[in-house]
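Commentary on secondary and tertiary structure
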Amino acid sequence: LFLGYGLQDWNIRVLLRKEERRATPSAQFSFPGLRVDLARREVEVDGAPVSLSRKEFALLSLLVASQGQVLTHERILREVWGAGHQEDTHYLRVLVGNLRQKLGDDPMRPRFILTVQGVGYRLAV
């Protein structure tokens, strides 16, 4: 434990701080049906606000920041959970499933998060 927080919480806090430093008041990303404001930590789907957990927001921020590039399972696990979790792909599948559900994204016909089989995920932009 570090200052009362678990190591996982610490990694997410570091990632979010880095994103906040990079984010400016205009750090808004709009895609058809999806708006993400990194600075305010706000997400809207079809104009309706969506509440995300810290890890869900960290994953979405990572996907948004990559601008449609494929992020490998290993990179996402390292960025969201930390270096000790690069083999824990089950965690990632559950997180992606939860995020898709909150975004109203059908995994069979995704609007936002695309699966690249055997490699990782990317944001459909």
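Before any of the text, the structure's been laid out above.
Quick summary incoming for the structure in this document. (Residues numbered from 1 in each chain as written. Predicted model: local features only at pLDDT ≥ 70, side-chain atom pairs only at ≥ 80, totals over all residues. Heavy atoms only, no water.)

Brief notes about the packing of helix H3 (residues 73–80) against helix H4 (residues 89–103)
H4 packs onto H3 with a crossing angle of 85° between their chain directions and a minimal axis gap of 10 Å. Between H3 and H4, the angle falls in the class roughly perpendicular. Within the contact between the two elements, H3 uses His73, Ile76, Leu77 and Val80 and H4 uses Thr89, Leu92 and Leu95. Here the residues of the contact of H3 with H4 are counted per class, giving five nonpolar, two polar and no charged. (Axes fitted to C-alpha atoms, helices over the stretch in contact; angles between N-to-C directions. Helix = DSSP H or I, 4+ residues; strand = E, 2+ residues; numbered from the N terminus. Parallel < 35°, antiparallel > 145°, perpendicular 65-115°, else oblique. Contact = heavy atoms within 4.5 Å. Nonpolar A, V, L, I, M, F, W, Y, C, P; charged D, E, K, R; others polar.)

Remarks on helix H2 (residues 54–65)
Taking 1.5 Å of rise per residue, twelve residues should cover 16 Å, and H2 covers 16 Å from first to last C-alpha, within 8% of that figure. Among the twelve residues that make up H2, ten are buried, leaving the element largely enclosed by the rest of the structure. Those residues of H2 not exposed but buried are Lys55, Glu56, Phe57, Ala58, Leu59, Leu60, Ser61, Leu62, Leu63 and Val64. The positive-phi residue at the C-terminal boundary of H2 is glutamine 67, with phi of around 50°. (Expected span 1.5 Å × (residues − 1). Buried < 20%, exposed > 50% of the residue type's maximum accessible area, 1.4 Å probe, protein only.)

Considering H4
The first and last C-alpha atoms of H4 sit 21 Å apart over 15 residues, in line with the 21 Å expected at 1.5 Å per residue. Of all the residues in H4, the buried ones are Leu92, Leu95, Val96, Leu99, Arg100 and Leu103. Buried residues of H4, viewed axially, fall in a sector of 135°; they line one side. Looking at the buried residues of H4, the elements they touch are strand S2 (34–37), strand S3 (42–45), H2, H3, strand S6 (113–116) and strand S7 (120–123). One or two positions beyond H4, positive phi appears at glycine 104, with a value near 70°. (Arc of directions from axis to C-beta.)

Some details on the sheet that holds strand S4 (residues 48–50)
With respect to topology, four strands assemble into an open sheet ordered S1-S2-S3-S4, the strand pairing being antiparallel. Both outer strands of the open sheet, strand S1 (28–31) and S4, are each paired with one neighbouring strand and no more. Each strand axis lies, on average, 20° off the axis of its neighbour in the sheet, ignoring direction. Sitting on the sheet, H2 touches S1, S2 and S3, and the angle it makes with S2 is about 100°. (Pairing = 2+ DSSP bridges.)

Concerning the pattern of salt bridges
Scanning all chains against the criterion turns up six salt bridges. Linking arginine 111 and aspartate 46 is a salt bridge whose minimum nitrogen-to-oxygen distance equals 3.0 Å. Of this pair, arginine 111 sits in the loop between H4 and S6 while aspartate 46 sits in the loop between S3 and S4, placing them 65 residues apart in sequence. In this structure arginine 111 comes out as partly exposed when scored by relative accessible area, which is 37%. Between glutamate 56 and lysine 102 there is a salt bridge, with the nearest N and O atoms lying 2.8 Å from each other. (Salt bridge = Lys/Arg side-chain N within 4 Å of Asp/Glu carboxyl O.)

Don't take any of this as a statement about function, it's just geometry.
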